[in-house]
Amino acid sequence: MTTVQKIKEVEDEMARTQKNKATSYHLGQLKAKLAKLRRELLGPQGGGGGGGGIGFDVARTGIASVGFVGFPSVGKSTLMSKLTGTHSETSEIDFTTLTTVPGTVKVHGAPIQILDLPGIIEGANDGRGRGRQVIAVARTCNLIFIVLDVLKPLGDKKLIEGELEAFGIRLNKRPPNITVKKKDKGGIAITNTVPLTNIDHDEIKAVCSEYKLSNCDVAIREPNATADDLVDMIEGNRVYIPAIYVLNKIDAISIEELDLLYKIPNSVPVSSREWMNIDELIDVMWKRLDLVRVYTKPRGAPPDYSSPVVLRRGKSSVDDFCTSIHKEIAKQMKYAIVWGSSAKHTRGQKVGLEHILEDEDVVHIAK
């Protein structure tokens, strides 16, 4: 029996099993088993096919990367071409884009790489088409644009979310506050600081048992935690990526229908062909990437606002700022003077390498 057939068998058994106290242990085992099978399928040794990775490895440029994911012929390539000026084959027929096409767009002085990925098909996570390679590139992006046809957004949205979820991509989520620590003896000890509403002790023990964790401490501090959350933390290979649902081709619908589309969370309706609402899309992209622009100020001169040093949130210390310019600057620096929202005083604050910078701060490095 192939891995894909085993996955189907486990999924069918889960669908047949009604959740109650008597079956929670069994369901926990099935969820853990399913996660292990998917890891086996999608790893390098996986038997899902899908061809080689030629054309999928792209040299990374810019401070962040945004991947365009969607079914064939939803307008990804048209949007990419107009945003970046990079030519990506466009056509009304399916599968015009066959490899990853990179481009760059500058937003507020920050170069952002845009990756037009080939259209995925249902069953991509099982290795159909070239879905594995497409989703593998998506895993490395800082933001995902899920491009949907405005005439059938919800159905396609659910299918694509399922494909990405199965590949270990968690959209618009953060890692659950769950810890699992191995120990030498003492069995499975479970503690929780929040009520366990979607998982019970039997399910937790079943998941741990499937992973051969017979002696461990499980601490759950995540409200509404599920067995899937526990599996994610044990697997340890999940990626948590923000996503924007780009609802394309709004030039084909009415104003009333457009009002309904705005009710879909994390969505931006656009028309890539008619260049409608693209400004809002770029603004939302910038906010979701959460980048930090820092302006340099030479001694005795005004700040240089023309070319900011762009850092990622969480890696925006003065040390990171210095290293992004040249690795020797941090060694030579005596102190830095910072003006902006991270400084305590409007006249500027003297800081060290560990100081965390905020967006649009101005920095002078004293050597």
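Data block above holds the structure.
So, how was this worked out
- Residues numbered from 1 in each chain as written.
- Predicted model: local features only at pLDDT ≥ 70, side-chain atom pairs only at ≥ 80, totals over all residues.
- Heavy atoms only, no water.
- Buried < 20%, exposed > 50% of the residue type's maximum accessible area, 1.4 Å probe, protein only.
- Helix = DSSP H or I, 4+ residues; strand = E, 2+ residues; numbered from the N terminus.
- Core = buried A, V, L, I, M, F, W, Y, C linked by side-chain atoms within 4.5 Å.
- Contact = heavy atoms within 4.5 Å.
- Axes fitted to C-alpha atoms, helices over the stretch in contact; angles between N-to-C directions.
- Parallel < 35°, antiparallel > 145°, perpendicular 65-115°, else oblique.
- Left-handed = near helix turned anticlockwise from the far one by under 90°.
- Pairing = 2+ DSSP bridges.
- Polar contact = N/O pair within 3.5 Å; in protein donor to acceptor, adjacent residues only side chain to side chain.
- Expected span 1.5 Å × (residues − 1).
- Phe/Tyr/Trp six-rings, centres within 6.5 Å; stacked < 30°, edge-to-face > 60°.

## Quick word on helix 7 (residues 227-235)
Working step 1: Burial runs high along helix 7: 7 of the 9 residues are buried.
Working step 2: Where helix 7 is concerned, the buried positions are A227, D229, L230, V231, D232, I234 and E235.
Working step 3: Phi turns positive, to about 75°, at G236, one or two residues after helix 7.

## Some words on the nonpolar core
Working step 1: If you look at the biggest cluster of nonpolar residues, it comprises 54 residues, and the most contacted ones within it are V66, F68, I112, I144, F145, I146 and M285.
Working step 2: It is strand 4 (residues 143-149) that contributes the most residues to this core, 6 residues altogether.
Working step 3: Contacts of I112, omitting those with residues within four sequence positions, involve A64, V66, G103, T104, V105, V107, M285, W286, L289 and L291.
Working step 4: Core analysis: the second largest hydrophobic core is formed by 18 residues, V207, C216, I220 and V231 among them.

## Re the packing of helix 6 (residues 201-210) against helix 7
Working step 1: Running from N to C, helix 6 and helix 7 cross one another at 30°; their axes reach a closest spacing of 10 Å. In terms of orientation, helix 6 lies roughly parallel with respect to helix 7. By crossing handedness, the relation of helix 6 to helix 7 is classed as right-handed. Each of E203, I204 and V207 in helix 6 lies in contact with helix 7, whose residues at this interface are A227, L230, V231 and I234.

## With respect to the sheet that holds strand 14 (residues 335-339)
Working step 1: Pairing within the open sheet is mixed, and its 5 strands lie in the order 13-12-16-14-15. Edge positions in the open sheet fall to strand 13 (304-312) and strand 15 (349-351), since each of these has one partner strand only. Sheet twist, expressed as the mean angle between neighbouring strand axes with direction ignored, is 35°.
Working step 2: Pairing of strand 14 with strand 15, which is carried by 3 bridges, proceeds in the antiparallel orientation.

## Some words on the environment of I114
Working step 1: Position of I114 among the secondary structure elements: in strand 3 (residues 110-116).
Working step 2: By relative accessible area, I114 is classed as buried at 0%.
Working step 3: Separated by 30 residues in sequence, I114 and I144 place their C-alpha atoms 9.8 Å apart.
Working step 4: Setting aside anything within four residues of it in sequence, one finds I114 in contact with V66, F68, M80, T84, V101, P102, G103, V105 and M285.

## Digging into the sheet that holds strand 6 (residues 178-182)
Working step 1: Pairing within the open sheet is mixed, and its 3 strands lie in the order 6-8-7. Both edges of this open sheet fall to strand 6 and strand 7 (188-192), since each of them pairs with a single strand only. Sheet twist, expressed as the average angle between the axes of neighbouring strands with direction ignored, equals 10°.
Working step 2: As paired elements, strand 7 and strand 8 (residues 216-220) share 5 bridges and run parallel to each other. Bridging from a neighbouring strand, T191 pairs with A219 of strand 8.
Working step 3: Sheet strands in contact with helix 7 are strand 6 and strand 8, and its direction is about 50° off that of strand 6.

## Description of the side chain of E235
Working step 1: Counting through the fold element by element, E235 comes out in helix 7.
Working step 2: A distance of 2.6 Å separates a polar atom in the side chain of E235 from a polar atom in the side chain of Y211.
Working step 3: Apart from the residues lying within four places of it in its own chain, the contact partners of E235 are A35, K36, R39 and Y211.

## Regarding helix 9 (residues 278-289)
Working step 1: End to end, helix 9 covers 16 Å across 12 residues, agreeing with the expected 16 Å (1.5 Å per residue, within 8%).
Working step 2: Trailing helix 9 by a residue or two, D290 shows a phi angle of about 55°, which is positive.

## Let's talk about the packing of aromatic side chains
Working step 1: Throughout the structure, instances matching the rule amount to 2 aromatic pairs.
Working step 2: Residues F68 and F145 carry aromatic rings whose centres are separated by 5.2 Å and whose planes lie at 35° to one another, so their mutual orientation is tilted. In this pair, F68 is assigned in strand 1 (residues 64-69) and F145 in strand 4, connecting sequence segments 77 residues apart.
Working step 3: Note on F68: relative accessible area 0%, which makes it buried.
Working step 4: F145 sits in the buried class, given a relative accessible area of 0%.
Working step 5: Seen in terms of ring centroids, Y295 and Y305 are 4.9 Å apart; in terms of plane orientation they differ by 65°. Their pairing is edge-to-face.

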